[in-house]
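Inside the fold
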Amino acid sequence: KFDGRPVMNRGSLVEMAVPYGDVNPPYQRKCAFDVGDYGLGYCANSLELGCDCLGHIHYFDAYLNDIEGNPKLIKKAICMHEEDDGILWKHVEYRNGHNEARRSR
């Protein structure tokens, strides 16, 4: 929760293992994300405005553990953003000139 309001109803982290058909390590089991191969967050890095995240952004720092279990701070490891995807719909009432528009986000 943030400021007494729920931020996410449901979240998940999925891993996909891809069999490449090669019996030699590490190709017999290769993962599309870093969780299975390296551990959760091992490949995380600091994000940059305009490069990694666009739109209205709030950054979060994250504490992960190193190989010995000690905490490691990564500044701006997570970004929550809202992207404006243009106008979703617009309606104009020709009789009185009233118009309404909704953005696609």
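Predicted model, so just to flag it, every value in this text is computed and none were measured.

Time to look at the pairing of strand S5 (residues 87–92). Two elements, S5 and strand S6 (residues 99–103), share five bridges in a ladder whose sense is antiparallel. Across the sheet, Val92 pairs through a bridge with Asn99, a residue of S6. Hairpin connection from S5 to S6: six residues lie between these consecutive antiparallel strands, with Gly97 at a positive phi of about 80 degrees.

Across all of its chains, the model carries zero aromatic pairs by this definition. A cation sits over an aromatic face here: Lys76 above Tyr59, 5.0 Å from the ring centre.

Moving on, we get to the pattern of salt bridges. Across all of its chains, the model carries three salt bridges by this definition. The residue Lys75 makes a salt bridge to Asp61 at a minimum N-O spacing of 3.2 Å. With Lys75 in strand S4 (residues 71–82) and Asp61 in strand S3 (residues 56–65), this residue pair connects regions lying 14 residues apart in the sequence. A salt bridge links Glu100 to Arg102; the nearest nitrogen and oxygen atoms lie 3.1 Å apart. According to the relative accessible area criterion, Arg102 is partly exposed, its value standing at 40%.

Together, Phe2, Val7, Met8, Phe60, Ile78 and Met80 give the surface a local cluster of nonpolar side chains, amounting to about 600 Å² of exposed area. Turning to its location among the elements, Met80 is positioned in strand S4. Residue class for Met80 comes out partly exposed when judged on its relative accessible area of 41%.

A word on the pairing of S3. Here S3 runs beside S4; their pairing, made up of nine bridges, is antiparallel. Bridged to Phe60 within S4 is Ile78. Here S3 folds back onto S4, and the loop between the two strands holds five residues, one of which, Gly69, carries a positive phi near 90 degrees.

This paragraph deals with the confidence of the model for the protein chain. Looking at the protein chain as a whole, the pLDDT averages 75, with 68% of positions reaching at least 70. Of all secondary-structure elements in the protein chain, the lowest mean pLDDT belongs to helix H1 (residues 34–38), at 58, while S3 reaches the highest, 87.

Criteria and thresholds
Residues numbered from 1 in each chain as written. Predicted model: local features only at pLDDT ≥ 70, side-chain atom pairs only at ≥ 80, totals over all residues. Heavy atoms only, no water. Pairing = 2+ DSSP bridges. Helix = DSSP H or I, 4+ residues; strand = E, 2+ residues; numbered from the N terminus. Phe/Tyr/Trp six-rings, centres within 6.5 Å; stacked < 30°, edge-to-face > 60°. Lys NZ or Arg CZ within 6 Å of the ring centre and 35° of its normal. Salt bridge = Lys/Arg side-chain N within 4 Å of Asp/Glu carboxyl O. Buried < 20%, exposed > 50% of the residue type's maximum accessible area, 1.4 Å probe, protein only. Patch = residues over 30% accessible without salt bridge, like charges linked within 9 Å, V, L, I, M, F, W, Y side chains within 5 Å. Areas by Shrake-Rupley, 256 points an atom, 1.4 Å probe, with all protein chains shown as cover. pLDDT = per-residue confidence, 0-100.

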